[in-house]
Amino acid sequence: MRVVIAEDSVLLREGIARVLTEEGFEVAAQVGDADELQRAVKRTKPDVAIVDVRMPPTQTDEGARAAEEIRAQHPDVGVLVLSQIVEARRALKLFSERPEGFGYLLKDRVLQIDEFVESVRRVGRGGTAIDPEVVAQLVGRRAAEGPLDELTPREREVLGLMAEGRSNKAICDKLFLSPKTVETHVNSIFGKLNLPQAPDDHRRVLAVLTFLRA
Amino acid sequence: MTRAVRIGLLVLGAGFGVVAYRAQINGLGTTVLHVPGPSGTHTVGPFTTSGRSFAVVAVGIAFIAAGAIAWSTRYRNRIAPLMIATGFLWLARQLRYSHNSALFTLFFLFGDLAYAMAGHVALAYPSGRVRDKWELWLVRAGYTSVLLFNFLILLFYDGNVRLHQFDPSKRRSFLLFWANDAVALKIQEIFVAFFYGLLASLFIALIVRRFIQATPRARRLLAPLLLAVAVAALRSVWECIFTFVDRPPSIAYNELFWWQIFGFIAFLIAIVDGLLRARLAHAGVGDLVLELERTPQHRLGETLSRALRDRTLEIAFWVPNRGEYVDAFGRTIVLPTDGIRAVTKLDSDGEPVAALIHDPSLLEDPTLVGAAAAAARLSLENARLHAETRAQLAQVQESRARIVTAADEERRRIERDIHDGAQQRLVALGLQLRSAQRTAGAADDPQLRKLLEGTIAELQVAVDELRELARGVHPAILTEDGLCAALEALATRSPFPIALDVEDERLPEPVEATAYFVACEALANVGKHSSASNVTVEAHRHNGVLTVEIDDDGVGGASAQNGSGLRGLADRVEALGGRLVIDSPDGGGTRIVAEIPCAS
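Basis of the calculations
Residues numbered from 1 in each chain as written. Chains lettered and ligands numbered in written order. Predicted model: local features only at pLDDT ≥ 70, side-chain atom pairs only at ≥ 80, totals over all residues. Helix = DSSP H or I, 4+ residues; strand = E, 2+ residues; numbered from the N terminus. Buried ≥ 20, exposed ≤ 12 C-beta atoms within 10 Å, placed from the backbone. Contact = placed C-beta atoms within 7 Å. Pairing = 2+ DSSP bridges. Axes fitted to C-alpha atoms, helices over the stretch in contact; angles between N-to-C directions. Parallel < 35°, antiparallel > 145°, perpendicular 65-115°, else oblique. Left-handed = near helix turned anticlockwise from the far one by under 90°. Nonpolar A, V, L, I, M, F, W, Y, C, P; charged D, E, K, R; others polar. Core = buried A, V, L, I, M, F, W, Y, C linked by C-beta atoms within 7 Å. Expected span 1.5 Å × (residues − 1). pLDDT = per-residue confidence, 0-100. Arc of directions from axis to C-beta.

## Comments concerning the overall build of chain B
In terms of regular secondary structure, chain B is built from 16 helices and twelve strands. Each of the 600 residues in chain B was classed as buried or not, and the buried ones make up 38%. Long-range contacts, defined here as pairs at least 24 residues apart, represent 68% of the contacts in chain B between residues at least 6 apart.

As structure tokens, this is what we get:
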């Protein structure tokens, strides 16, 4: 899998590159600002662009804007946005209606190498990786009212993992449950929240996120 | 001039008036005026009533009386003697109708000076001086032409023909040098055209010019006077025209005569009125002293403006430590130097106190502004101190606002430094430890592996703490997405539910930051002390004021005094010119309202 890394801190950029290389990724380019990123994506056509939100020259949201442009111009390139802070509002704005091939994670998630690598892979395959912190904010926002109250704690856990973009298998691994149990939980959640069953993971994420943002 | 002298002058004038009246009646009253025109002479009169003569004499006496009044006011300048002289000359002029040849010669020669001098009075009013070379030239031309032409006429005139407007038949000129009535008549025609025609027209033009150039205040005062004198002068022009052109029947000689009389009387009334007004203004200065005691500092300007009858008057107070003038609210004023507005500076012991910026026409009576300023000096000094205090207050207010803004800017910088510096480095460090861990795994050193795992976990905690610290210093979302987003994020993380009602719009950064920190601190207090179950946060902008309101139904009893962060918040809100209201009765919940002015 080919990745492009856009991060203005050289130390961090090289650290991420090393980790990904060791995990079998091909790092096609490492860049330090948004313009270089655009050119690198156009040139190397990576599977995933890993983008820091804040980049020179203003250190505000160059990365976020570059990410939006890449998603608009190269729909087949997955974009994983890394940020020092994550906000649900930002996340919703960034993936807008299309969580496919999109990730939004706290920067320090890279320290959990296995999970991080799994997230990059997921985004590269067109999946979704939403930071647990964002999901917690979304769930917290909806918790005060309505149908979320009816979920069991375990079901809530499963809902959060679904919202992060994980597949059933990933949920099984994470919670040490059997596929059948997870399947049961998922069905129960969709029933209680009155959501239509989704045929694949992508649409399942969309359904869950749409429910949470409402 | 004493009262006795004034009365004496008037008595003299009245006596002289009687003589002039008799001269008019004897010389003119019983005769027919032969008014010549291009197509032959036509006659006016006989004047069976003495009304005309009476009116003419009345104008002369009125000039003397007005001059005497002028002398009694502060206009003790050249205008008063000029008016009195005009009056006497005017009366003397009537003696040209005398059958006595000596009187005829003398007053034929000098009598018309009365008209020239009346014009001089009008042009010199109220300062006593003509304004520029045009007016000076006109006055000189008037005096010179009267003397020159009348002298020339007397050289040739021997009493056999009628002159224009006037029939001195049977009077003899003492100056007769070469009797030739035709030459005398020609000279008189030239005189009429020059003096009554040209000079009178120029006079009207200068009067109109003066009106146009006058400042609004002067225009208000001058308008009736200038109109009256223009009417009087217009008659001269008409009569000049009808010397050379046939008079249309609609414009009777008599009517024009009465116009002129009316014009002169109105002119004098306007002068006396103006003088009395000026005197009233001085009297107003007397009242000013009393009135100033009741006047609040910031209305001093209005009171002075009323006393001096100048609606445009402004007061500028001197602020020594700033070295500049300010208005009553402490705003800087630059004194005008363009001459359109006049400036009168007031000193006290050589130190500037204040300056009056006013209509230049006030300077025509230089004692007036000085008197008003003297009356107002104490109040002005007082007001100056007020203005100075206000100016300092304004400075302090500005510097408070700057301090808040600078502190916010500093917080933002620290937040950025934490994220982009320390945090970034820690994550990079963590990645290096992961590599080390991998190497340790390869070398099959489980103890080292475990140690590194623990270190990385600690590092992760440090990163989280740093993130929380940065958020507390200045949340990035506030800078990037504004107040609504920041409050939403705050509500999301809050351990208790918060109902938000906040407009999603961007406001100036200091306003957003202040509103955010107010809500933050208030909510922290709710969490710590109040055991509330319902908490609402509202923020709405209305008429340029952002109102942030945080309500809870907890135990209440919060105040800015008891060492909570509320005092600091109140300072912060006040620094932006707003206010913080805390309503927190014991057991009755807490309501904190911050009103923050915001321009956009």
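## Focus: the overall build of chain A
Of the regular secondary structure elements, chain A holds ten helices and six strands. If you take every contact in chain A between residues at least 6 apart in sequence, the share linking residues at least 24 apart comes to 63%.

## Overview of the sheet that holds strand β6 (residues 342-348) of chain B
All names here are of chain B. With respect to topology, five strands assemble into an open sheet ordered β5-β4-β3-β7-β6, the strand pairing being antiparallel. Each end of this open sheet is capped by a strand with a single partner; those strands are β5 (332-333) and β6. Both strand β3 (residues 314-319) and strand β7 (residues 351-358) contribute to a ladder of four bridges, which runs antiparallel. Residue pairing across strands places F317 opposite A354, the latter belonging to β7.

## A word on the sheet that holds strand β12 (residues 590-597) of chain B
Sheet strands pair by backbone hydrogen bonding; their relative direction is either parallel or antiparallel. Residue and element names in this part refer to chain B. Ordered in space as β8-β9-β10-β12-β11, the five strands form an open sheet in which the pairing is mixed. Two strands lie at the open edges of the sheet, namely β8 (499-502) and β11 (579-583), each paired on one side alone. The average angle at which neighbouring strand axes cross in this sheet is 10°, direction not considered. When strand β10 (residues 545-552) meets β12, the two strands line up antiparallel, connected through eight bridges. If you follow E549 over to β12, its bridge partner there is V593. Packed onto the sheet, helix α14 (residues 483-493) meets β8 and β9 (535-542) and runs at close to 180° relative to β8. Helix α16 (residues 566-575) rests against β11 and β12 of the sheet, and its axis sits at about 145° to β11.

## Considering the environment of T152(A)
Within the secondary structure, T152(A) sits in the loop between α6 (132-143) and α7 (153-164). For the pair T152(A) and H185(A), spaced 33 residues apart in sequence, the C-alpha separation works out to 9.4 Å.

## Quick look at the packing of helix α8 (residues 168-175) of chain A against helix α9 (residues 179-193) of chain A
Residues and elements named next belong to chain A. With their axes 9 Å apart at the nearest point, α8 and α9 run at an angle of 110° to one another. Comparing the axis directions of α8 and α9 gives the class roughly perpendicular. For the pair α8 and α9, the sense of crossing is right-handed. Across the interface between the two elements, N168, I171 and C172 from α8 touch P179, V182, E183 and V186 from α9. Across the contact of α8 with α9, the residue classes break down as five nonpolar, one polar and one charged.

## Topic: the nonpolar core
Counting residues in hydrophobic clusters, the biggest one holds 109 residues, and the most contacted among them are A49(A), I50(A), V51(A), L80(A), A515(B) and A519(B). Here A49(A) is in contact with V4(A), A6(A), L37(A), V41(A), I70(A), V77(A) and V79(A), once residues within four sequence places are set aside. I79(B), F88(B), L113(B) and I271(B) belong to the second largest nonpolar core, which has 75 residues in total.

## Details of the pairing of β6(B)
All names here are of chain B. Looking at chain direction, β6 and β7 are connected through seven bridges and run antiparallel. By the bridge assignment, K345 is partnered in β7 with A355. Counting the residues that bridge the hairpin from β6 to β7 gives two residues, and of these D349 lies at a positive phi of roughly 55°.

## What about the interface of chain B and chain A?
Taken together, the contact pairs 27 residues of chain B with 26 residues of chain A. Contributing elements (two or more residues each) for the side of chain B that touches chain A: α11 (366-442), α12 (446-473), α13 (476-481) and α14 of chain B. The dominant element in the side of chain B that touches chain A, judged by the number of residues it contributes, is α11(B), at 14 residues. Split into classes, the residues belonging to the side of chain B that touches chain A amount to ten nonpolar, eight polar and nine charged.

## Considerations on helix α5 (residues 113-124) of chain B
Residue and element names in this part refer to chain B. Across its twelve residues, α5 extends 16 Å between first and last C-alpha, which sits within 8% of the 16 Å expected from 1.5 Å per residue. Judged by how many residues are buried, α5 sits mostly within the fold: eleven of twelve residues are covered. Taken together, the buried positions of α5 are L113, A114, Y115, A116, M117, A118, G119, H120, V121, A122 and L123.

## Considerations on unusual backbone geometry
The phi torsion of most residues other than glycine is negative, and most of the peptide bonds are trans. The phi dihedral of K45(A) is positive, around 45°, even though this residue is not glycine. The topology assignment puts K45(A) in the loop between α2 (34-44) and β3 (48-52). The backbone phi angle of N543(B) is positive, close to 50°, even though this residue is not glycine. By the secondary structure assignment, N543(B) is in the loop between β9 and β10. When the 6 C-beta atoms within 10 Å are taken as the criterion, N543(B) is described as exposed.

## Thoughts on the packing of helix α7 (residues 181-213) of chain B against helix α8 (residues 216-244) of chain B
Residues and elements named next belong to chain B. Viewed as axis vectors pointing N to C, α7 and α8 meet at an angle of 160°, and their least axial separation amounts to 8 Å. Relative to α8, the element α7 is oriented roughly antiparallel. Crossing of α7 over α8 shows left-handed handedness. Facing α7, whose interface residues are E189, V192, A193, Y196, G197, A200, S201, F203, I204, I207, R210 and F211, α8 presents R219, L222, L226, V229, A230, A233, L234, S236, V237, E239, C240 and T243. Counted by class, the contact of α7 with α8 contains 16 nonpolar, four polar and four charged residues.

## Some remarks on the confidence of the model for chain A
A low pLDDT score tells you not to read the predicted coordinates there in detail. Mean pLDDT over chain A: 86, with 96% of residues reaching 70 or higher. Taking the mean pLDDT of every element in chain A, the minimum, 76, falls on helix α10 (residues 201-213) of chain A and the maximum, 94, on strand β1 (residues 2-6) of chain A.

## Comments concerning the environment of T455(B)
For T455(B), the location among the structural elements is in helix α12. In sequence terms T455(B) and L433(B) are 22 residues apart; their C-alpha atoms lie 8.3 Å from each other.

## Thoughts on the pairing of β9(B)
Residues and elements named next belong to chain B. Inspection of the sheet shows β8 paired to β9 by four bridges, in the parallel sense. In the strand pairing of β9, V502 is matched with A539. Sheet topology places β9 next to β10; eight bridges connect them, and they run antiparallel. Within β10, the residue paired with H542 across the bridge is V545.

## Notes on helix α1 (residues 10-22) of chain A
All names here are of chain A. Spanning 13 residues, α1 covers 18 Å between terminal C-alpha atoms, matching the ideal 18 Å at 1.5 Å per step. If you check which residues of α1 are buried, you get L12, R13, G15, I16, V19 and L20. One side of α1 carries all its buried residues, which in axial view fall inside an arc of 165°. Turned more than 90 degrees away from the buried face of α1 sit V10 and T21, all of them exposed. Of the residues flanking the end of α1, it is G24, one or two places downstream, whose phi is positive at about 95°.

## A look at the confidence of the model for chain B
Scored by pLDDT, chain B has a mean of 82; 90% of the residues are at 70 or more. Quick note on the complex model: pTM equals 0.56, ipTM equals 0.86.

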